[in-house]
Amino acid sequence: MAVLGKQGLTFALLALFWSAAPLSASETPAESGRPPLNHVPSANCGECHQDIYLQWQGSMHAKSTALTDPIHGAVYRMEAGDPSEEGVTHKVTKSFPACLQCHAPIAARDKTTKLDAKPMYAEGVNCVACHTMTAFKGIQGEDGKLTLGASAYEYSKDSLIGPEGAFNGNKPVKAPGGDNEPKVNAFTHKANAPLFKSSDICLGCHQTMVNPQKLAVCTIGDLLLGKEVKETKVKGKEVKETRDIVAPTCQSCHMPVVNGFVSHEIAGGHDPEKVRKSVALSMFTTEGENKLKATIILKNTLLHTMPNSAPFRNLVLKVTALNDKGEVVWSNFKEDPDKEDPQSLMILKLVNNEGQPVMPPQATKVGGDTRLKPGEKRVLYYNVPPAGVKTVRAELYYNLITKPMKEKIGDKLPDELKTPALVGRAEAGL
Ligand code: HEC
Ligand code: HEC
Ligand code: HEC
Ligand code: HEC
Ligand code: HEC
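In this report, we go over the structure that sits alongside the text. (Residues numbered from 1 in each chain as written. Chains lettered and ligands numbered in written order. Predicted model: local features only at pLDDT ≥ 70, side-chain atom pairs only at ≥ 80, totals over all residues. Heavy atoms only, no water.)

1. Concerning the layout of surface pockets
- In this structure, the second largest pocket encloses a volume near 870 Å³.
- Lining the second largest pocket are 33 residues, and of these Leu345, Ile347, Thr402, Lys403 and Pro404 lie nearest its centre.
- For the lining of the second largest pocket, the secondary structure elements donating two or more residues are strand E15 (314-322), helix H14 (337-340), strand E18 (348-351), strand E21 (391-399) and helix H15 (403-409).
- In terms of residues, the lining of the second largest pocket owes the most to one element, H15, which gives 6 residues.
- Looking at side-chain class alone, the lining of the second largest pocket contains 19 nonpolar, 4 polar and 10 charged residues. (1 Å grid on protein atoms, 1.4 Å probe; cavity = no way out; pocket = protein on both sides within 12 Å on 5 of 7 lines; lining within 4 Å. Points joined across faces, edges and corners; volume = space filled by probe spheres on them. Helix = DSSP H or I, 4+ residues; strand = E, 2+ residues; numbered from the N terminus. Nonpolar A, V, L, I, M, F, W, Y, C, P; charged D, E, K, R; others polar.)

See the structure below:
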């Protein structure tokens, strides 16, 4: 992450934004003639919360819109339209693009689709998108329709909301994630620990996402929602039993306290470091007469399905055998893991009525799910032709998008989004 010096940051803030002066506690936005709270750009918060601002700036939350995220941008243009135009509708539903409820929540709250009209629209999931939330209504609206993303919450118009509230009034205090200079916190803050310390603050956007056919194409999974679902057979009939369990909050893993304040890096699939924390890979080999068997064990250490959420995320296991010169003499696939070695590809397969693989918006059903279940231990076997083999190597890779998607939108994407990230590797010498 690029770190600006303190002076550089202050200069950038002054140069870029309308005012460096924070709102005073006695002024409501209307009285002061300043913008309403949900129009405060994040850089304004960053004047005091410098480290938090830089962490957020490096996160996908700050790059979630079609203007800033190349993958989302390419799909949004296909499904809806130009993110710099007003009045864009979703091509199938013909209504306001639901995408914006999660990917550009401030624009959605203002019911606009012109994301370059104001800096805070293009900021995506910014400080005030979260820190004005007062209550989570749930994603199931009364009329049976889903209320996703920004529309799943209630908001404060006059106070910033946080886990503890700022109860220091006008006394100079040190801002969490700020420098050592005491600052007077001029915004009104209110506390809402039950919301900010629970997964509810994330679930409006992260619980599920449906396509126009009402198929849930992205899900976070029951376990993290505090539900354990058991499928059993009673008199030959499938019965689902649901039990409430205590689940860790999203924050406990994604927002740890670092250097005395809550980290806002909130990393996932776009961060190769985070991805390495997901699956433990190990391998052993057994040799027999003219036989060489590699046993590979994948253990999902997460309560997430791995991969999860966006349905084009996938894991690929590459197994190679090397000779004494280090040359590859055998591999489990050459070009296409799906066709040559299906067990090596872990993905949610979305298909149409004919069972053909299609892009998520066109899918009508799930054609198969080979992803690793939460906590699952999966054992895979490979018979390796033993001639000349000195080493067997197993490598597990994570891809943000599938091979067909790379072919379709790859030319619009920078290389790092197309490069597989190494999750883990194991080697056995013979
Ligand atoms: C309910 C909230 C929600 C809605 C509505 C939503 N998304 Fe997303 N979207 C997400 C989340 C959360 C992620 C990140 C998931 C992950 O990292 O696996 C995401 C990720 C994506 C990605 C992958 C981005 C990347 O950088 O890899 C694409 C593409 C995408 N969404 C497209 C869309 C489109 C197009 C729409 C509208 C038709 C839409 N989304 C609607 C929540 C939503
Ligand atoms: C002038 C400096 C300043 C600015 C600008 C500022 N803050 Fe703060 N903020 C503080 C200080 C100082 C604290 C420490 C808490 C206190 O006052 O006791 C704080 C505390 C907080 C907290 C923690 C309170 C809690 O509930 O635990 C949150 C959340 C927060 N600020 C969010 C924001 C957001 C979002 C913005 C931009 C809209 C912002 N702040 C702008 C100085 C500032
Ligand atoms: C026990 C720790 C833990 C908890 C609890 C947790 N996560 Fe994660 N999460 C991770 C790790 C580690 C990764 C990195 C692996 C990855 O990218 O798939 C991750 C990945 C993700 C991703 C990217 C998915 C992908 O396949 O790329 C999203 C989105 C996400 N988490 C959201 C959430 C939300 C929302 C919650 C709460 C409902 C949550 N997580 C709870 C540890 C956790
Ligand atoms: C995705 C939602 C989200 C976004 C975006 C977000 N925050 Fe937070 N923030 C939280 C949550 C949740 C907590 C409380 C986490 C906890 O206590 O476990 C928090 C805590 C804080 C705190 C208190 C930190 C502490 O150590 O006590 C400050 C200050 C803060 N946020 C400022 C900001 C600023 C400034 C921005 C923008 C640069 C921002 N937040 C963006 C969700 C968000
Ligand atoms: C207003 C909607 C919204 C809220 C609230 C929200 N997110 Fe997100 N989140 C998104 C979207 C949209 C993306 C996808 C960004 C992209 O890739 O374009 C995302 C991406 C992520 C990712 C993947 C990052 C990566 O590196 O790929 C993680 C992890 C995550 N969010 C965790 C959280 C957690 C934890 C919370 C609660 C503290 C939270 N989110 C709250 C909308 C939201």
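2. Remarks on the site of ligand 4
- In the region of ligand 4, 21 residues are neighbours, and Cys127, Cys130, His131, Lys197 and His264 sit closest.
- Between His131 and ligand 4, the recorded distance is 2.8 Å, taken from a side-chain N or O atom to a nitrogen atom.
- Within the contact set of ligand 4, a nitrogen atom lies 2.9 Å away from a side-chain nitrogen or oxygen of His264.
- Contributions of two or more residues to the shell around ligand 4 are made by helix H4 (50-58), helix H9 (127-131) and strand E12 (261-262).
- Looking at the shell around ligand 4 residue by residue, the classes come out as 14 nonpolar, 6 polar and 1 charged. (Near = heavy atom within 4 Å. Polar contact = N/O pair within 3.5 Å; in protein donor to acceptor, adjacent residues only side chain to side chain.)

3. Considering the site of ligand 3
- Taken together, 23 residues lie near ligand 3, and Cys250, Cys253, His254, His304 and Tyr398 sit nearest.
- Note that an oxygen atom of ligand 3 is positioned 3.3 Å from one of the backbone N or O atoms of Gly269.
- Between Tyr398 and ligand 3, the recorded distance is 2.4 Å, taken from a side-chain N or O atom to an oxygen atom.
- Put simply, the parts of the chain that give the shell around ligand 3 at least two residues each are helix H11 (200-206), helix H12 (250-254) and helix H13 (272-275).
- Ranked by residue count, the leading element in the shell around ligand 3 is H12, at 3 residues.

4. Quick word on the coordination of the iron atom of ligand 1
- A lone protein donor binds the iron atom of ligand 1: His103 (NE2), at 2.2 Å.
- With respect to the helices and strands, His103 occurs in helix H6 (residues 99-103). (Donors = N, O, S within 2.8 Å, 3.2 Å for Na, K, Ca; no water.)

5. Some remarks on the coordination of the iron atom of ligand 2
- There is one protein donor for the iron atom of ligand 2, and it is His49 (NE2), at 2.1 Å.
- Tracing the chain through its elements places His49 in the loop between helix H3 (42-46) and H4.

6. Focus: the packing of aromatic side chains
- Enumeration according to the criterion identifies 3 aromatic pairs in this entry.
- A centroid spacing of 5.2 Å and a plane angle of 35° characterise the contact between Phe136 and Tyr153, whose relative ring orientation is tilted. Separated by 17 residues along the polypeptide, Phe136 in strand E1 (residues 133-136) and Tyr153 in strand E2 (residues 153-155) bring together distant segments of the chain.
- By relative accessible area, Phe136 is classed as partly exposed at 21%.
- Here Trp330 and Tyr382 contribute two aromatic rings whose centre-to-centre distance is 6.4 Å and whose plane-to-plane angle is 65°, an arrangement assigned as edge-to-face. Here Tyr382 lies in strand E20 (residues 377-383) and Trp330 lies in strand E16 (residues 328-331), a separation of 52 residues in the sequence. Across the pair, exposure class does not vary: Trp330 and Tyr382 are buried alike.
- The ring of Phe333 has Lys318 lying over it, and the distance from NZ or CZ to the ring centre is 4.1 Å. (Phe/Tyr/Trp six-rings, centres within 6.5 Å; stacked < 30°, edge-to-face > 60°. Buried < 20%, exposed > 50% of the residue type's maximum accessible area, 1.4 Å probe, protein only. Lys NZ or Arg CZ within 6 Å of the ring centre and 35° of its normal.)

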